[in-house]
Amino acid sequence: MSEPVISTALSSQQQLERLGYKQELSRSVTTFDLLVYGLIFMVPIAPWAIFGTVYNEAQGMVPLVYLVGLVAMIFTALSYAQMAKAIPLAGSVFSYVGKGIHPNLGFFAGWLMLLDYLLVPTLLYVFAAESMIGIFPGSERWMWALLFVAVNVVINMSGVSSLKWMNRVFLVMELAFIVAFFVIGIRALTDGAASGSSFSITPLWDPATVSAPLLATALSIAVLSFLGFDGISTMAEESTGGRGSAGRAMVLALVIVATLFITQTWLASLLAGPYQPIPEDRVGNAFFDIIGTIASTPVMNAFFVCNVLAVGIANAMAAQAATSRLLYSMSRDGQLPKFLRHINTRKVPSYAILFVGGLSAVLVLFFVGQISLISSMVNFGALTGFLLLHLSVVVFWIGRRKSRNYLVHLAFPVVGFAIIGYVLLNAETQAKVAGLVWIGVGALVFAYYRRTGRSTELAEDPEDITVSSH
């Protein structure tokens, strides 16, 4: 008997059914919606919140860090695109590794990505709460964090249409503030309002300072800003644009947002003047301090508000949507409790959304004020998941499908694996320890499943998937 073929002639729903699943989520997200979603998830103004941290780690060369980050993430985005084309499921790396290599390894890939996805909303609420302290000194961080949790649960429960509309509104707002920053910043440089600052390429390349370990350490923090592009893959079962739409949206979103990151941080680094370490108590709001030196206090506060809305609502809203889809997918395949696969009348995984909101509400009480720790933990989960993603491309396309496209299916994932591996090796020790503990917990869960007779198999054997290698 010949193997079933997933043809481009099949509808999106037929492709999903061929993989052994029913269409339960609302398929109403266009390729443009995916692009907007990816941009919102990555946040075009993401460097604002971590500018001070990356500035200190990279000794002033923030835009160089983001440029290297773009190179590293491009290879990962291409690997995502290849697996999303072959396996258009909401489970992302969990599905790709499970069907591309082996279901057991897929469980651990999903478990590692859970460390990323479960903590990302919490991290965003912590970021937003930190910015609220800049606007309302003396107020409680945890209070603001819980408020953002509640708002995002309501929006996500309203359905994917509300999510799409809100994404577009927030994207316009962020782009408008980026334009405003360029106008204010360039005027300050040309008019001499920024004391000791001038146009220079030093923030992009300072041969006297640059080193591979320095860049890798800073990159392990800056890469956090790029993580959103992979969230696009979790919306695959809601896309109307065919098998290639998620991959195209991922690559395009990554290039657009990286360009914005590099240009913004280059200008901010120039405005900061000759490199001097930013004091620890000002690291969190360093970017806004720069705005304050070249503009009025009301303007600085407007940037604070924009950052709060972008991170605490827009970005967190997208992160919660992606996390709930991953939980839904893993639950559907029996890897997590069954209640997480519940779909409400608005065609969203409502119990998964509520679970993420509840977990975030608990975690923010512990992590509030600990941006560095939670950032490094999120990165560990994402980077280890990316390593398995690159491996799945080689095994699935070269090993199983006998593809001869060695550039895309072998060279690119190998290079991506090497870059991500190097960054992971240079990550903070506490992140590695936390990550290994998380893997240990996952191993216990896996052993429990096997001991009690629960399967770690996905809905269909990966050998039954045949796609074109072109």
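Given the structure is predicted, the values throughout are model-derived calculations rather than measurements. (Residues numbered from 1 in each chain as written. Predicted model: local features only at pLDDT ≥ 70, side-chain atom pairs only at ≥ 80, totals over all residues. Heavy atoms only, no water.)

### Remarks on the environment of alanine 352
This is how it is decided: Each helix is a run of DSSP H or I of at least 4 residues and each strand a run of E of at least 2, with the numbering of both proceeding from the N terminus. Here, residues are in contact when the closest pair of their heavy atoms is within 4.5 Å.
With respect to the helices and strands, alanine 352 occurs in helix α13 (residues 350–367). Separated by twelve residues in sequence, alanine 352 and leucine 340 place their C-alpha atoms 4.8 Å apart. Filtering out sequence-adjacent residues up to four positions away, alanine 352 remains in contact with Ser324, Leu327 and Leu340.

### Quick notes on the side chain of glutamine 320
Our working definition: Three exposure classes are used, based on accessible area relative to the maximum for each residue type with a 1.4 Å probe and protein chains only: buried under 20%, partly exposed in between, and exposed over 50%.
With respect to the helices, strands and loops of the structure, glutamine 320 is situated in helix α12 (residues 297–332). The class for glutamine 320 is buried, based on a relative accessible area of 0%. Residues within four places of glutamine 320 in sequence aside, it is in contact with Pro121, Tyr125, Asn152, Val153, Asn156, Ile353, Val356 and Gly357.

### Concerning the packing of helix α4 (residues 62–86) against helix α15 (residues 406–425)
Condition: Note on geometry: axes are C-alpha line fits, over the in-contact stretch for helices, and angles between N-to-C directions span 0 to 180 degrees. Put simply, angles under 35 degrees are roughly parallel, angles over 145 are roughly antiparallel, angles from 65 to 115 are roughly perpendicular, and the rest are oblique. Left-handed is the label given to a crossing in which the near helix is rotated counterclockwise from the far helix by less than a right angle, and right-handed is the label when the rotation is clockwise. In the scheme used here, Gly and all other residues not listed as nonpolar or charged are polar, with Ala, Val, Leu, Ile, Met, Phe, Trp, Tyr, Cys and Pro taken as nonpolar and Asp, Glu, Lys and Arg as charged.
Relative to each other, α4 and α15 sit at 135°, their axes nearing to 8 Å. For the element pair α4 / α15, the angle class is oblique. α15 is crossed by α4, and the crossing has left-handed handedness. Across the interface between the two elements, Ala72, Met73, Phe75, Thr76, Leu78, Ser79 and Gln82 from α4 touch Val408, His409, Phe412, Pro413, Val415, Gly416, Ile419 and Ile420 from α15. The class makeup of the residues in the contact of α4 with α15 is ten nonpolar, five polar and no charged.

### Remarks on the confidence of the model for the chain
The line we're drawing: Per residue, pLDDT captures the predictor's confidence, and it can take any value from 0 to 100.
In this model, the chain carries an average pLDDT of 84, and 89% of its residues clear a pLDDT of 70 or more. A low-confidence stretch, residues 1–9 (pLDDT under 50), is modelled with 20 contacts involving residues beyond four sequence positions or located in other chains. Confidence over residues 459–466 falls short of pLDDT 50; this stretch has 30 contacts with residues more than four positions distant or in other chains.

### Here we look at the packing of aromatic side chains
Going by this rule: Two rings from Phe, Tyr or Trp (for Trp, the six-membered ring) form a pair when their centres sit within 6.5 Å of each other. Planes less than 30 degrees apart are called stacked, planes more than 60 degrees apart edge-to-face, and all others tilted. Lysine and arginine charges are scored as sitting over a ring when NZ or CZ, respectively, is within 6 Å of the ring centre and within 35 degrees of the ring normal.
What the rule picks out here adds up to 32 aromatic pairs. Seen from their ring centres, phenylalanine 75 and phenylalanine 412 are 5.6 Å apart, and the 70° between their planes marks the pair as edge-to-face. With phenylalanine 75 in helix α4 and phenylalanine 412 in helix α15, this residue pair connects regions lying 337 residues apart in the sequence. Judged by relative accessible area, which is 16%, phenylalanine 75 ranks as buried. Owing to a relative accessible area of 22%, phenylalanine 412 belongs among the partly exposed residues under this scheme. A centroid spacing of 6.1 Å and a plane angle of 40° characterise the contact between phenylalanine 181 and phenylalanine 182, whose relative ring orientation is tilted. Take phenylalanine 182: its relative accessible area is 22%, and that puts it in the partly exposed class. Aromatic rings pair up to connect Trp48, Phe51, Tyr55, Phe177, Phe181, Phe182, Tyr275, Phe287, Phe288, Phe303 and Phe304 into one cluster. The positively charged end of arginine 401 is found above the aromatic ring belonging to phenylalanine 396, 5.9 Å away from the centroid.

### Points about unusual backbone geometry
Glycine aside, a negative phi is what most residues show, and trans is what most peptide bonds show. At valine 43, a residue that is not glycine, the phi angle is positive and equals roughly 65°. Along the chain, valine 43 falls in the loop between α2 (31–42) and α3 (47–57). In this structure, lysine 402 is a non-glycine residue whose phi angle is positive, near 55°. Mapped onto the elements, lysine 402 comes out in the loop between α14 (371–400) and α15.

### Observations regarding a nonpolar patch on the surface
Selection criterion: What goes into a patch is any residue over 30% in relative accessible area without a salt bridge, connected to like charges within 9 Å or, for nonpolar side chains (Val, Leu, Ile, Met, Phe, Trp, Tyr), within 5 Å. The method behind every accessible area is Shrake-Rupley, applied with a 1.4 Å probe, and residues are considered shielded solely by the protein chains displayed. Put simply, a salt bridge is a Lys or Arg side-chain nitrogen that is within 4 Å of an Asp or Glu carboxyl oxygen.
Residues Leu67, Ile201, Leu204 and Trp205 make up a contiguous nonpolar surface patch of about 390 Å² in total accessible area. Here tryptophan 205 shows up in the loop between α8 (160–191) and α9 (212–222). Assessed through its relative accessible area of 47%, tryptophan 205 is described here as partly exposed.

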